[in-house]
Amino acid sequence: MQTISSKENRIIKEAASLFEKKYRDELGLFLLEGPNIVKEAMEEGGRVRFIFTLAGSSSEEVQEIAALAEEKNLAVYELSSEAFAKVTQTNSPQDIVAVMEKRQMTEDEFFKLVQNGNVVVLDRLQDPGNVGTIIRTAEALGFKGLAVIKGTADVYQPKVVRAAAGSMLRFPIIFFEDEDTLTTVFKNHGKKLYTTAMQAKSVYDADIKENSCIVIGNEGNGVSKKLLENSETLSIPMEGKTESLNAAISASIIMYESLRQRR
């Protein structure tokens, strides 16, 4: 284990830059914070670049993870409180941070993992909490992958990673520059696109057991026109005067109905 005391150290400055999307994209790296998710990353075969621990940490779990990382020949750095503060954004740091390599996935790799399973599509969704919650819920409810259209909040930003928890490490993710490419690719793989609308067939009357792509649109503007034109619309039955639901809640209801149908 090496010690870093200065927050101006090159490694610390590079890790701190990962709070910005520009550098996450440029370096192909992102941050994980907390003992549970860092340990899971090592167990799941995630590509850990290196690990930071807080000098003097009293956490036995952190010490065990650091020892395990060294057994796996991973670089572990013990940081002063000043240096550690530069690589965490949480109010109550958990004494351990990992720098991870992004998982790059081709179209063939993605669909080999998804097969006839369902996929959730994020169409320029902006709220990191919504994005992370949808990823975590999708995995829990048996969806097999995530498709992200350019303009959506970065799935590797710290707020999304925290909300998604360990699902970020396991869930297949594919990225698209635009709706036309996504529509073509998914139709070529036998997937049917579904969007939501106020006046449409109830989700309870649709067969969404498999090969379904549930599109969740931007919080303010909804799903893009091109995707609406190339999808079947479904509605979520509601009572009372509420006209719409939070994006993550809407996604969860539809994904749970898919699980119910499969069972």
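Let me begin by describing the structure that accompanies this report. Please read these numbers as outputs of a predicted model, since none were measured by experiment.

## Digging into the layout of surface pockets
Here the largest pocket defines a volume of roughly 620 Å³. Along the wall of the largest pocket there are 24 residues; nearest its centre are Thr196, Ala197, Ser244, Leu245 and Ser250. Those elements giving two or more residues to the lining of the largest pocket turn out to be β9 (192–202), β10 (212–217), β11 (232–235) and α12 (247–262). The dominant element in the lining of the largest pocket, judged by the number of residues it contributes, is β9, at three residues. Split into classes, the residues belonging to the lining of the largest pocket amount to 11 nonpolar, 10 polar and three charged. Quantified by volume, the second largest pocket comes out at close to 430 Å³.

## Comments concerning a nonpolar patch on the surface
Together, Met198, Met238, Leu245 and Ile249 make up an exposed nonpolar region whose accessible area comes to about 340 Å². Along the chain, methionine 198 turns up in strand β9.

## As for the sheet that holds β9
Spatially, six strands are ordered β8-β7-β6-β10-β9-β11 in an open sheet, and the strand pairing comes out parallel. Strands at the two margins of the open sheet, each flanked by one partner only, are β8 (173–176) and β11. Ignoring which end each strand starts from, the neighbouring axes of this sheet average 35° apart. In the sheet, β9 pairs with β10 via three bridges, with the strands oriented parallel.

## Brief notes about the nonpolar core
If you look at the biggest cluster of nonpolar residues, it comprises 51 residues, and the most contacted ones within it are Leu32 and Val155. Broken down by element, the residue count for this core peaks at six residues, all from α12. When residues no more than four places from it in sequence are discounted, the contact partners of leucine 32 are Ile37, Val38, Ala41, Ile96, Val97, Ala98, Met100, Val161 and Leu169.

## A closer look at the pattern of salt bridges
Counting across every chain of the model gives 17 salt bridges. Among the salt bridges present, the one from arginine 24 reaches aspartate 154, with a minimum N-O distance of 2.7 Å. With arginine 24 in helix α2 (residues 21–27) and aspartate 154 in the loop between β7 (145–149) and α8 (158–164), the pair connects residues that are 130 residues apart, well separated along the chain. The exposure class of arginine 24 is buried, given its relative accessible area of 3%. Here aspartate 154 falls in the buried class, since its relative accessible area comes to 9%. The salt bridge involving glutamate 101 is made with arginine 47; its shortest N-O contact spans 4.0 Å.

## As for the packing of aromatic side chains
Two descriptors summarise a pair of aromatic rings, namely the distance from one centre to the other and the angle between the planes of the rings. Considering all chains together, one arrives at eight aromatic pairs under this definition. Seen in terms of ring centroids, phenylalanine 50 and phenylalanine 52 are 5.4 Å apart; in terms of plane orientation they differ by 55°. Their pairing is tilted. An identical accessibility class is assigned to phenylalanine 50 and phenylalanine 52; each is buried. By the ring-pair criterion, three or more aromatic residues cluster together here, those being Phe110, Phe111, Phe176 and Phe186.

Criteria and thresholds
- Residues numbered from 1 in each chain as written.
- Predicted model: local features only at pLDDT ≥ 70, side-chain atom pairs only at ≥ 80, totals over all residues.
- Heavy atoms only, no water.
- 1 Å grid on protein atoms, 1.4 Å probe; cavity = no way out; pocket = protein on both sides within 12 Å on 5 of 7 lines; lining within 4 Å.
- Points joined across faces, edges and corners; volume = space filled by probe spheres on them.
- Helix = DSSP H or I, 4+ residues; strand = E, 2+ residues; numbered from the N terminus.
- Nonpolar A, V, L, I, M, F, W, Y, C, P; charged D, E, K, R; others polar.
- Patch = residues over 30% accessible without salt bridge, like charges linked within 9 Å, V, L, I, M, F, W, Y side chains within 5 Å.
- Areas by Shrake-Rupley, 256 points an atom, 1.4 Å probe, with all protein chains shown as cover.
- Salt bridge = Lys/Arg side-chain N within 4 Å of Asp/Glu carboxyl O.
- Pairing = 2+ DSSP bridges.
- Axes fitted to C-alpha atoms, helices over the stretch in contact; angles between N-to-C directions.
- Core = buried A, V, L, I, M, F, W, Y, C linked by side-chain atoms within 4.5 Å.
- Buried < 20%, exposed > 50% of the residue type's maximum accessible area, 1.4 Å probe, protein only.
- Contact = heavy atoms within 4.5 Å.
- Phe/Tyr/Trp six-rings, centres within 6.5 Å; stacked < 30°, edge-to-face > 60°.

What is shown is where atoms sit, not what they do.
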